[in-house]
Amino acid sequence: MLHGSYLVIERVIRIFFEEKPWASSPITRVVAGFATYGAVCIAWVFFRASDFTIASRMLSGMFGGHPTGDMILTTRELLQIAIVTAGVIGMHWAMREESFETTVMRLPAWAITAIGSVMAFAIIFTQGTSNAFIYFQF
Amino acid sequence: MPSFISNFKQRLRLPRMFFRKPTREEQIHGGPPLEFERPIPPAPWRGITVVVTIVVIAATALWEWHARSLGYAPSLNDNDDLWTTARRRVQPESIVIIGDSRAWFDCDLDEFQKGLGKRPIQLAAPGSTVWPALEDLAKDETFHGTIICSIVPMLFFAPPGSPPMERAEKNVKRFHNQTPAQRVSEQLGIWLEERVAFLKPDDLSLEGFLNQLSIANRPGARVPPTFPPYFERVDRERRARMWEKCAEPGSELAKRIQQIWLPLFTPPPPPSYIPKDVFMAKIGEGIQKRFADVTAAVEKIRARGGKIVFVRFPHTGGLKELENKIMPREKSWDPLLQMTKTPGIYYSDFPELSGFNCPEWSHLTAGDSVEFSKRLVPHLREALK
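Not measured: the values here are computed from a predicted model. (Residues numbered from 1 in each chain as written. Chains lettered and ligands numbered in written order. Predicted model: local features only at pLDDT ≥ 70, side-chain atom pairs only at ≥ 80, totals over all residues. Heavy atoms only, no water.)

Let's shift gears to the packing of aromatic side chains. Residue and element names in this part refer to chain A. Inspection of the entire model under this criterion finds 21 aromatic pairs over all chains. The interplanar angle of 50° and the centroid separation of 6.4 Å between the aromatic rings of Phe-16 and Phe-17 together place this pair among those described as tilted. Phe-17 sits in the partly exposed class, given a relative accessible area of 38%. Of note, Arg-96 hangs over the ring of Trp-93, and the distance from its end group to the ring centre comes to 4.2 Å. (Phe/Tyr/Trp six-rings, centres within 6.5 Å; stacked < 30°, edge-to-face > 60°. Buried < 20%, exposed > 50% of the residue type's maximum accessible area, 1.4 Å probe, protein only. Lys NZ or Arg CZ within 6 Å of the ring centre and 35° of its normal.)

All names here are of chain A. In contact at an axis separation of 9 Å, helix H2 (residues 26-48) and helix H3 (residues 52-62) are set at 150° when each is read in the N-to-C sense. One finds that H2 runs roughly antiparallel with respect to H3. Judged by the sense of rotation from one axis to the other, the crossing of H2 with H3 is right-handed. In this structure, H2 contributes Cys-41, Ile-42, Val-45, Phe-46 and Arg-48 to the contact, and H3 contributes Phe-52, Ala-55, Met-58, Leu-59 and Met-62. Its residues assigned to classes, the contact of H2 with H3 comprises 9 nonpolar, no polar and 1 charged. (Axes fitted to C-alpha atoms, helices over the stretch in contact; angles between N-to-C directions. Helix = DSSP H or I, 4+ residues; strand = E, 2+ residues; numbered from the N terminus. Parallel < 35°, antiparallel > 145°, perpendicular 65-115°, else oblique. Left-handed = near helix turned anticlockwise from the far one by under 90°. Contact = heavy atoms within 4.5 Å. Nonpolar A, V, L, I, M, F, W, Y, C, P; charged D, E, K, R; others polar.)

Right, let's get into empty space enclosed by the protein. Residues and elements named next belong to chain B. As enumerated under the stated definition, the model contains 2 cavities of 30 Å³ or more in all. Approximately 50 Å³ is the volume found for the second largest cavity. Along the walls of the second largest cavity sit Trp-83, Ile-98, Gly-99, Leu-123, Ala-125, Ser-128, Thr-129, Val-130, Ala-133 and Asn-171, which together make up its complete lining. Per-class residue counts for the lining of the second largest cavity are 6 nonpolar, 4 polar and no charged. (1 Å grid on protein atoms, 1.4 Å probe; cavity = no way out; pocket = protein on both sides within 12 Å on 5 of 7 lines; lining within 4 Å. Points joined across faces, edges and corners; volume = space filled by probe spheres on them.)

Rolling a probe over the atoms, with the probe sized like a water molecule, indicates the empty space that remains. Here the second largest pocket is characterised by a volume of approximately 700 Å³. Contributions of two or more residues to the lining of the second largest pocket are made by helix H5 (100-106) and helix H6 (109-125) of chain A together with helix H3 (45-69) of chain B.

Turning our eyes to something else, we now look at the confidence of the model for chain B. All names here are of chain B. Counting all residues, the mean pLDDT for chain B is 90, and 90% of those residues have values of 70 or more. Below a pLDDT of 50 lies the segment residues 8-19, which in the model reaches 9 contacts outside its immediate sequence neighbourhood of four places, other chains included. Predicted as a complex, the structure gets a pTM of 0.81 and an ipTM equal to 0.74. (pLDDT = per-residue confidence, 0-100.)

All names here are of chain B. Judged by nonpolar contacts, the single largest core of 91 residues is most densely connected at Ile-98, Leu-134, Ile-147, Phe-310 and Leu-376. Among the elements that take part in this core, helix H14 (residues 276-303) stands out by supplying 6 residues, more than any other. Beyond its immediate stretch of four places on either side in the chain, Leu-376 contacts Phe-112, Val-311, Phe-313, Ile-345 and Leu-353. (Core = buried A, V, L, I, M, F, W, Y, C linked by side-chain atoms within 4.5 Å.)

Right, let's get into the environment of Pro-126 of chain B. Residue and element names in this part refer to chain B. Residue placement: Pro-126 occurs in the loop between strand S2 (121-122) and helix H7 (131-139). In this structure, the C-alpha to C-alpha distance between Pro-126 and Ile-148, residues 22 residues apart in sequence, is 15 Å. Apart from residues lying up to four places away in sequence, Pro-126 is in contact with Asp-78, Ser-101, Trp-104, Arg-167 and Arg-238.

Among the surface-exposed residues, Val-8, Ile-9, Val-12, Ile-13, Ile-15, Phe-16, Phe-17 and Trp-22 of chain A lie close enough to one another that they form a single nonpolar patch of about 820 Å² accessible area. Residue placement: Phe-17 of chain A occurs in helix H1 (residues 2-17). (Patch = residues over 30% accessible without salt bridge, like charges linked within 9 Å, V, L, I, M, F, W, Y side chains within 5 Å. Areas by Shrake-Rupley, 256 points an atom, 1.4 Å probe, with all protein chains shown as cover. Salt bridge = Lys/Arg side-chain N within 4 Å of Asp/Glu carboxyl O.)

What follows covers the pattern of salt bridges. Across all of its chains, the model carries 30 salt bridges over all chains by this definition. Taking the shortest distance from any N to any O, the salt bridge between Arg-76 of chain A and Glu-207 of chain B comes out at 3.4 Å. Of this pair, Arg-76 of chain A sits in helix H4 (residues 75-94) while Glu-207 of chain B sits in helix H11 (residues 206-211), on two different chains. With relative accessibility at 40%, the residue Glu-207 of chain B sits in the partly exposed group. The salt bridge partner of Asp-110 of chain B is Arg-119 of chain B, with a shortest N-O separation of 2.8 Å. The exposure class assigned to Asp-110 of chain B is partly exposed, which follows from its relative accessible area of 37%. Among the charged side chains, a network of salt bridges with common partners joins Glu-10, Arg-11, Arg-14 and Glu-18 of chain A.

In structure tokens form, the structure reads like this:
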């Protein structure tokens, strides 16, 4: 439902603002990118939380609802989240003007081989418990 | 002559998804694909696939060799799916072991079978509280067997929402809700884990290595204590045996685990969002509720002809001192037996059950667990008369 609502909002915004001169300025694109990221983060709360009570508690925390809450994350976890998030956003930003296929096409064969090898071994190396993939949990 | 696959694709009008040479337009286009099919970028894919396969197989073999050189061996990972396979074997008259990791390490199923006439089913789960499994058996109207229930007070009284409670609830939930995909996945997992040594997610995964990084936490951070590393082997019956590396005299691993138990068994300070006296009153209420719930569950099982015996398994050293200080016997074990009117075996009450050494203060070695079980059987028979 959230995903559908987001698509509706995006289409409406496009109708009204797509032709405006500032619509394709770098600042607008950065703001739009972070707004999309924030919207996705909100939607993911409902995947992560086991029920609506926990989901609403998490959402409340995301919007400053727990100003004096305990610090429950380790520094290592914070660093990991920051690095992965920056990496994902960076990749999306770097590839914002072209398709994935074009990016791959520009890479030399040895780089595709190296990336493929690292990714395939990472699947083995980052072993987890069975059924870790979220779609298997429905 | 068209192949079987291409003929099939043609008949079903399936798009040609793979290994199609992209058109010139697609190669220079750079934008979204011009048609529904995603173009495959031009690259020597066959060669790349072969090299990647060779590299990954070599890296995996090296990783397996490294894991074995560190002393790791193939062993099952205990999880909610493995617990579910054991829970499924419970018959109306089964002997079932429930509780925490002490019952998991210290009970030898062969000795129990010899002494009690039936092979028990191991449902004790490490780091978990017993209540969800006991409640599940009490609700199972068909069950009227025998329960051997381990008691570690700090875990027994674990409140709702705490990690020991969540771990135990996860097991019971999986038993009731396991999907066919999860069942098949577990069987595949068992097949692999019985052959591959590096499948130890807590120790030999990226997450395991990241957890070992010594990065200081923020002052005042309320982060959970560290969990012990891998130190047991588990088989298909969920029988846990202590890893030799931990069991050997003067083991560095055992010493490290000893120091992990102390913060893990120390109750966390009250959360900041609730006054301390209110929090302590809630804890007191929770303990009384647990006593009442367990008593009701025991009566329910007993009313159907079932039997239950509580067992306190050996613990030693600093952990024994800590447990006895935080939750003394008079406030946990004694009232439990009185309220439930159930027999109990406290290991230190019997000379033949005392004197066992727990290398890391909490569990017996694989060898000692056999001897301990042999000596425990007469007491169990007496209690279950």
